[in-house]
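Chain residues, written in single-letter form:
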Amino acid sequence: MPRHVYVHVPFCARRCSYCDFSIAVRRVVPVDEYLGALDTELRLRAPQTPKTVDTIYFGGGTPSRLGGQGVARAIELVSRYFAPAVDAEITIEANPEDVTPDAAEAWRQAGVNRLSLGGQSFDAGALAWMHRTHGPEAIASAMEVARAADITNLSVDLIFALPAELRRNWQSDIEQLLKLNPSHISLYGLTIEAGTPLGRWVDSRITVEASEEGYAEQFLTAHSLLTEAGFEHYEVSNFARPTSKSRHNSAYWTAAPYAALGPSAHEFDGAARRWNLRHYAAWRDALSEGRDPGEGSETLSAENRVAEAVYLGLRTTNGLQTQSGDESVIAPWIREGWVTLTNETIRCTPTGWLRLDALAAALTHHRSR
Ligand code: SF4
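Please read these numbers as outputs of a predicted model, since none were measured by experiment.

1. Quick look at the nonpolar core
The tendency in soluble globular proteins is for nonpolar side chains to be buried as a group. Core analysis: the largest hydrophobic core is formed by 79 residues, its most contacted members being Tyr34, Leu38, Phe82, Val99, Leu115 and Leu314. Residues Cys19, Trp129, Leu190 and Trp201 belong to the second largest nonpolar core, which totals eleven residues.

2. What to know about the pattern of salt bridges
This structure, assessed with the given rule, holds 15 salt bridges. When the shortest N-O distance is used, the salt bridge between Arg108 and Glu105 registers 2.6 Å. With Arg108 and Glu105 both in helix 3 (residues 101–110) and three residues apart, the pair spans about one turn of that helix. For Arg108, a relative accessible area of 29% puts it in the partly exposed group. Arg291 is paired through a salt bridge with Glu289; the nearest N and O atoms lie 2.7 Å apart. Owing to a relative accessible area of 41%, Arg291 belongs among the partly exposed residues under this scheme. Take Glu289: its relative accessible area is 53%, and that puts it in the exposed class.

3. What about the environment of Thr254?
Along the chain, Thr254 turns up in the loop between helix 9 (247–253) and strand 11 (259–261). Taking C-alpha positions, Thr254 is 34 Å from Thr133, a pair spaced 121 residues apart along the chain. A distance of 3.1 Å separates a polar atom in the side chain of Thr254 from the backbone oxygen of Ala251.

4. Some thoughts on the site of the ligand
Lining the immediate surroundings of the ligand are Cys12, Arg14, Arg15, Cys16, Tyr18, Cys19, Phe21, Ile23, Gly61, Thr62, Asn95 and Arg132. Looking at the shell around the ligand residue by residue, the classes come out as six nonpolar, three polar and three charged.

5. Observations concerning the sheet that holds strand 17 (residues 345–348)
The antiparallel open sheet is built from three strands, whose spatial order is 15-17-16. With partners counted over all chains shown, the strands left at the sheet margins are strand 15 (320–321) and strand 16 (339–342), one partner each. Pairing analysis gives two bridges linking strand 15 to strand 17, with the strands arranged antiparallel. By the bridge assignment for strand 17, Gln321 is matched with Thr345. Strands strand 15, strand 16 and strand 17 of the sheet are contacted by helix 12 (residues 326–336), whose axis makes an angle of about 130° with strand 16.

6. Notes on helix 5 (residues 137–148)
The periodicity of an α-helix, 3.6 residues per turn, causes residues three or four places apart in sequence to face the same way. The end-to-end C-alpha separation of helix 5 is 17 Å, in line with the 16 Å expected for twelve residues at 1.5 Å each. Of the positions making up helix 5, those classed as buried are Ala138, Ile139, Ala142, Met143, Val145 and Ala146. Buried residues in helix 5, looked at end-on, bunch into an arc of 165°, giving them a common side. Turned more than 90 degrees from where helix 5 packs its buried face, Glu137, Glu144 and Ala148 sit exposed. Looking at the buried side of helix 5, the elements it contacts are helix 3, strand 6 (114–120) and strand 7 (153–160). Asp150, located one to two residues past helix 5, shows a positive phi value of around 70°.

Each value, and the rule that gives it
- Residues numbered from 1 in each chain as written.
- Predicted model: local features only at pLDDT ≥ 70, side-chain atom pairs only at ≥ 80, totals over all residues.
- Heavy atoms only, no water.
- Core = buried A, V, L, I, M, F, W, Y, C linked by side-chain atoms within 4.5 Å.
- Buried < 20%, exposed > 50% of the residue type's maximum accessible area, 1.4 Å probe, protein only.
- Salt bridge = Lys/Arg side-chain N within 4 Å of Asp/Glu carboxyl O.
- Helix = DSSP H or I, 4+ residues; strand = E, 2+ residues; numbered from the N terminus.
- Polar contact = N/O pair within 3.5 Å; in protein donor to acceptor, adjacent residues only side chain to side chain.
- Near = heavy atom within 4 Å.
- Nonpolar A, V, L, I, M, F, W, Y, C, P; charged D, E, K, R; others polar.
- Pairing = 2+ DSSP bridges.
- Contact = heavy atoms within 4.5 Å.
- Axes fitted to C-alpha atoms, helices over the stretch in contact; angles between N-to-C directions.
- Expected span 1.5 Å × (residues − 1).
- Arc of directions from axis to C-beta.

Structure (structure tokens):
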């Protein structure tokens, strides 16, 4: 049985310019309707004898838009089927402006012990360009409010590789974040997705994607500044203080089974993936008719499993155990300084992570022959 549960909460106040996630833009969040559908999905699909789990992660969308009581009720529903262990990690993703004293207090009382804040930047112009709903000062304020409510395990997301014309000062953003002393930091390079406002701006040449050199320079700058400040760069996009690695995400990176609920949620039982209907209304309507909201499933082939093991191994500092013949494949990468080989474990260096897809493809090709 899975020891980890993901719950997708799709609501957002508006769509960010770069976002192609499964979201539902709502000025007023239909909390009761969502929780009713979640309750039905749990009754249909969850184990009917409660199972103990180590992590519960509410992602989105913006789970904090459920408010203090909405999140508390969601945790209560999920816990009837997936009982959190005494030391379970319970995370919610939050936008800074939703972290009010009342909400934070309700979240902590309900068991939330980790917040993942969508900060993205401390540059007011960049935040406006991203269509974010908060200003730079809201990030510090949210962290202060969370700490006052005794939620101290705080992760902050930042986006890098913004278009050069925004003149965003990446180093300054990292330094400002370090002053707030988060326990965990996730960094994501901006990607241009078709169908988003940003995709259209790029198509019509209103904006220009950051160069590969700019992307690499910012990634390596972040690595230097954050590791000097005592963070471990433990996964390609994630940095943590020594005791603050994300336990939930680490389960994904070790291919552990996890359950998943909510629109577009993907789950994995150790051999197969299964995913729900992508759109909120379709998921809700299926459940209101008593139907399974699943949209598809896929059993991993032997080749898929090899590819996944290689990719997951290379993306964290745990690394990948070598197999026969790997040495000849990675020898050029070692010479370039892109991977290391110690104790029969292959690990990417930061410059290697910039080439992760190519490295994973070469090793997968070799292992699949
Ligand atoms: S808050 Fe997150 S999920 Fe919502 S639109 Fe913005 S990036 Fe997408």
